[in-house]
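Survey of secondary and tertiary structure
What follows is each chain in one-letter form.
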Amino acid sequence: RSFSPAGVTRIKPPENTVGFRDTNGDGIGDLPGILSKLDYIKSLGVDAIWICPMYDSPQYDMGYDIANYEDVYAPYGTVADVEAIIAACHERGLRILLDLVINHTSYLHAWFGESRSSKSSSKRDWYIWRPAKYDVDGTRRPPNNWRSFFGGSAWEFDDETQEYYLHLFAVEQPDLNWENSETRKAIYDSAVTFWLDKGIDGFRVDTVNMYSKRSFANAPILDERLEWQPAHSLFCNGPRIHEFLHELGQILAKYDAMTVGELPHTPQIADVLSYVSTKEKQLSMVFQFNVVETGTGDPTFNTTPRNWTLPDFRKRIAQTQELVPTDGWSTSFLENHDQARSISRFGNEETPEYWALSAKMLAILVTTLSGTVYIYQGQEIGMVNFPLEWNIEEYKDVNSINYYKFIQDSTKNDPTAVKRAKEALAHLARDHPRIPMQWDGTANAGFTTESAKPWMRVHDNYPTLNVEKQQSDSKSVLAFWQEALRVRKSFPKVFAHGVFSDTDPSNESLLIFEKIGDGQKLLVLLNFTTETKPIDIGKRLGGKPRKAVLRNYEDEPLDFLRALEGRAYLLDN
Ligand code: TEU
Ligand code: CA
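All values reported here derive from a predicted model rather than from experimental measurement. (Residues numbered from 1 in each chain as written. Chains lettered and ligands numbered in written order. Predicted model: local features only at pLDDT ≥ 70, side-chain atom pairs only at ≥ 80, totals over all residues. Heavy atoms only, no water.)

**Considerations on the overall build of the protein chain**
For the protein chain, the count of helices and strands is 17 helices and 21 strands. Here the C-alpha atoms of the protein chain give a radius of gyration of 24 Å, agreeing with the 25 Å that 2.2 N^0.38 yields for 573 residues. Considered along the principal axes of its C-alpha atoms, the protein chain spans approximately 75 × 55 × 50 Å. Looking at the 573 residues of the protein chain, the share that counts as buried comes to 60%. Accessible surface, the protein chain as shown: approximately 22800 Å² in total, 50% of it carbon and sulfur. In the protein chain, 62 positive and 79 negative side-chain charges are present, and the distance between their average locations comes to 3 Å. (Helix = DSSP H or I, 4+ residues; strand = E, 2+ residues; numbered from the N terminus. Rg over C-alpha atoms; globule rule 2.2 N^0.38 Å. Buried < 20%, exposed > 50% of the residue type's maximum accessible area, 1.4 Å probe, protein only. Areas by Shrake-Rupley, 256 points an atom, 1.4 Å probe, with all protein chains shown as cover. Lys, Arg positive; Asp, Glu negative; His and termini not counted. Charge placed at Lys NZ, Arg CZ, Asp CG, Glu CD.)

**Some remarks on the pattern of salt bridges**
The full count for this structure, using the stated rule, is 38 salt bridges. For Glu335, the salt bridge is made with Arg341, and the minimal N-O distance between the two is 2.7 Å. No difference in accessibility class separates Glu335 from Arg341, as the two residues are buried. Among the salt bridges present, the one from Arg562 reaches Asp555, with a minimum N-O distance of 2.8 Å. Under the relative-accessibility criterion, Asp555 is labelled partly exposed at 42%. (Salt bridge = Lys/Arg side-chain N within 4 Å of Asp/Glu carboxyl O.)

**What about the coordination of the calcium ion (ligand 2)?**
Note on the calcium ion (ligand 2): its protein donors are Asp22 (OD), Asn24 (OD1), Asp26 (OD), Ile28 (O) and Asp30 (OD). The metal-donor distances range over 2.3 to 2.4 Å. Along the chain, the residues donating to the calcium ion (ligand 2) are arranged with the sequence spacing D-x1-N-x1-D-x1-I-x1-D. Exposure remark for Asp30: the relative accessible area of 5% places this residue in the buried category. (Donors = N, O, S within 2.8 Å, 3.2 Å for Na, K, Ca; no water.)

**A short note on the sheet that holds strand β4 (residues 95-100)**
Across the sheet, which stays open at both edges, the five strands sit in the order β1-β4-β10-β11-β12 with parallel pairing between neighbours. Of all strands in the sheet, those bounded by a partner on one side alone are β1 (48-51) and β12 (285-288). The mean inter-strand angle of the sheet, taken between neighbouring strand axes irrespective of direction, is 25 degrees. Here strand β10 (residues 202-205) runs beside strand β11 (residues 258-263); their pairing, made up of four bridges, is parallel. Counterpart to Arg204 in the pairing with β11 is Val260. (Pairing = 2+ DSSP bridges. Axes fitted to C-alpha atoms, helices over the stretch in contact; angles between N-to-C directions.)

**Looking at the domain arrangement of the protein chain**
Structurally, the protein chain comprises domain 1 (31-105 + 181-477), domain 2 (110-166) and domain 3 (500-572). Between the C-alpha centres of domain 2 and domain 3 the distance comes to 56 Å. (Domains from an automatic or database assignment.)

**So, the environment of Trp195**
Residue placement: Trp195 occurs in helix α5 (residues 181-196). Its relative accessible area of 0% is what places Trp195 among the buried residues. Here the alpha-carbon distance between Trp195 and Val366, two residues 171 residues apart in the chain, equals 30 Å. If sequence neighbours within four positions are ignored, Trp195 has contacts with Met54, Tyr55, Tyr69, Glu70, Val72, Val79, Val82, Leu98, Ile200 and Phe203. (Contact = heavy atoms within 4.5 Å.)

**What about the site of ligand 1?**
Asp61, His104, Asp206, Asp338 and Arg430 are the nearest of the 19 residues found near ligand 1. Separating an oxygen atom of ligand 1 from a side-chain N or O atom of His337 is a distance of 2.9 Å. Within the side chain of Arg430, one N or O atom sits 2.7 Å away from an oxygen atom of ligand 1. For ligand 1, whose accessible area on its own is 490 Å², the fraction buried by protein is 96%. Considered class by class, the residues forming the shell around ligand 1 number six nonpolar, six polar and seven charged. (Near = heavy atom within 4 Å. Polar contact = N/O pair within 3.5 Å; in protein donor to acceptor, adjacent residues only side chain to side chain. Nonpolar A, V, L, I, M, F, W, Y, C, P; charged D, E, K, R; others polar.)

**Description of the packing of α5 against helix α7 (residues 241-254)**
For the pair α5 and α7, the least separation of the axes is 11 Å and the interaxial angle reads 35 degrees. As α5 packs across α7, the resulting crossing turns out to be right-handed. Side by side, α5 and α7 meet where Arg184, Tyr188, Val192, Thr193 and Leu196 of the first sit next to Phe244, Glu247, Leu248, Ile251 and Leu252 of the second. Split into classes, the residues belonging to the contact of α5 with α7 amount to seven nonpolar, one polar and two charged. (Left-handed = near helix turned anticlockwise from the far one by under 90°.)

**Regarding the environment of Gln59**
In this fold, Gln59 is placed in the loop between β2 (55-56) and β3 (68-72). Note on Gln59: relative accessible area 1%, which makes it buried. As for Gln59 and Trp155, which are separated by 96 residues in sequence, their C-alpha atoms are 20 Å apart. Separated by 3.0 Å, the side chain of Gln59 and the backbone nitrogen of Gly63 make a polar contact.

**So, helix α12 (residues 398-410)**
Taking 1.5 Å of rise per residue, the 13 residues of α12 would be expected to cover 18 Å, and the 18 Å separating its terminal C-alpha atoms lies within 8% of that figure. Among all positions of α12, only Val398, Asn399, Ser400, Tyr403, Tyr404 and Ile407 are buried. In this fold, the buried residues of α12 make contact with α13 (415-428). Positioned one or two residues after α12, Lys412 has a phi angle of 50 degrees, which is positive. (Expected span 1.5 Å × (residues − 1).)

**Focus: the nonpolar core**
Ile102, Val192, Trp195, Phe203, Phe313, Leu365 and Phe528 are the most contacted members of the largest nonpolar core, which has 137 residues in total. Sorting elements by how many residues they give to this core places helix α11 (residues 352-368) first, with ten residues. With near-sequence residues (within four places) excluded, Ile102 lies in contact with Tyr69, Leu176, Trp178, Ile187, Ala191, Val205, Tyr211 and Leu248. The next biggest cluster of nonpolar side chains, apart from the first, holds 20 residues, and it includes Ile128, Ala132, Phe150 and Ala219. (Core = buried A, V, L, I, M, F, W, Y, C linked by side-chain atoms within 4.5 Å.)

**Let's talk about the packing of α11 against helix α15 (residues 477-490)**
It is at 10 Å that the axes of α11 and α15 come closest, and there the two elements cross at 20 degrees. With respect to α15, the axis of α11 lies roughly parallel. In terms of crossing hand, the pair formed by α11 and α15 is right-handed. Of the residues in α15, those in contact with Trp355, Ala356, Ala359, Lys360, Ala363, Ile364, Val366, Thr367 and Thr368 of α11 are Val477, Phe480, Trp481, Ala484, Leu485 and Arg488. (Parallel < 35°, antiparallel > 145°, perpendicular 65-115°, else oblique.)

Laid out in structure tokens, this is it:
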């Protein structure tokens, strides 16, 4: 366990992944914390929960670096705690998904220990090792120019056997070699069936399209200033990926388990369908990135924000909805542990009024789209990004830390560039969704005991923005989400299965769309600006008086939408 990959800045690993709830006062969220809040989760009107990786891990990527698939990270609890959650979920009619992280393991996984021990190890081929390249002057170089997702080369040289190993993510996350059938079998036996046998209902499958590498050729130069280039086209959606997922699918089918795969860098519907088409028997559904990538940077620096327009945003929504009339299935979401808060990105938090309107308007958007809806902890109470004023030390995510350091180093600490990097993080960093959940108005927001030091700083707005406060307010964001999910479930044919059409694709201010299903039509009208915009709603309702099934203002004038107003109407088709 002494092995430490060379050539990287050692960062102190954070103790935790997301901060849901701490029950023993060590400042770290834990499994009993999840157990204690299942009734709350159930009360939202959801059917299932997905738990981010709770496995044994040195936490270089907040648990997405797994050292043992069959054990739990001790500060979170034990395998028995997970079993208790499984049982408690099922008692309440909730299903439970775990996170399946099988593109890579931690460098501390026993498989990697054996693999790196010698070139003749029986597990050598379980990871991806390649010899170094040498310049004429003897300078050692990695096998190719690939950039890792978290910056720097995607290859790390190991002194022990004088070869490089591939890591698409952090240095501490070596990629498994899926070409080796023995490796695949070990993955299925350990990561997959160990937990299915314990009764979980399925998995969220991490980086589901990266297991089959196309080749190890140099990536095309996308940005000449960079030594290492993004190589998605060479490792995403590779030649054997569907064969692998079909193999995995056969195991999952035995357990009737559902899956939601994470599908980055795959914007085209035909490619998405190759994973989720029912006849392919691979995945139940996937998270497409089209919508959440709105307003993010180029593939090299996805942390850098860029301007976005409503026509761009709605085109991306339409791309996810295109799956609905096929034999595949879609998802609807705006947040997860990798995405900054949606209100801070797509809404407006300038005033408390705008904040609440945005939260509800975005809730209407997410709950009226077809597919399976996913909401992320804190989204149901309208949690927002932490402010720009927070020190850079408050950022704990490896992606944020490396990004900031890269900008500092590559610009020789140019103040303008460094300031811009900090602004970028304040807008898009993965840290925003990971700060402690805001349960109540006591010190530390009820996430942990009042005297404990939470592993990440609590948002300053917790005294006014918390679950307890919203539970006693029938007009709260929380109450609105509950209502929206209830209405959605009352009309599943049109809310969850309806066929989407954008009626005003070039409108820069109003997002208006229709859904058709089972003789019904759902009309959704959302104003993304803070100005009142004229629109003939009466005409769109066919001249008949209607009451909106969802709305974020008290009354329903028929010739305009006010700031951040949202409404959904059900009509006969
Ligand atoms: O994310 C994979 C992924 O492709 C991105 O969303 C990633 O977070 C981003 O590109 C980083 O720049 C998954 C997990 O959701 C993420 O938390 C993990 O860090 C990653 O895999 C590695 O396991
Ligand atoms: Ca704890």
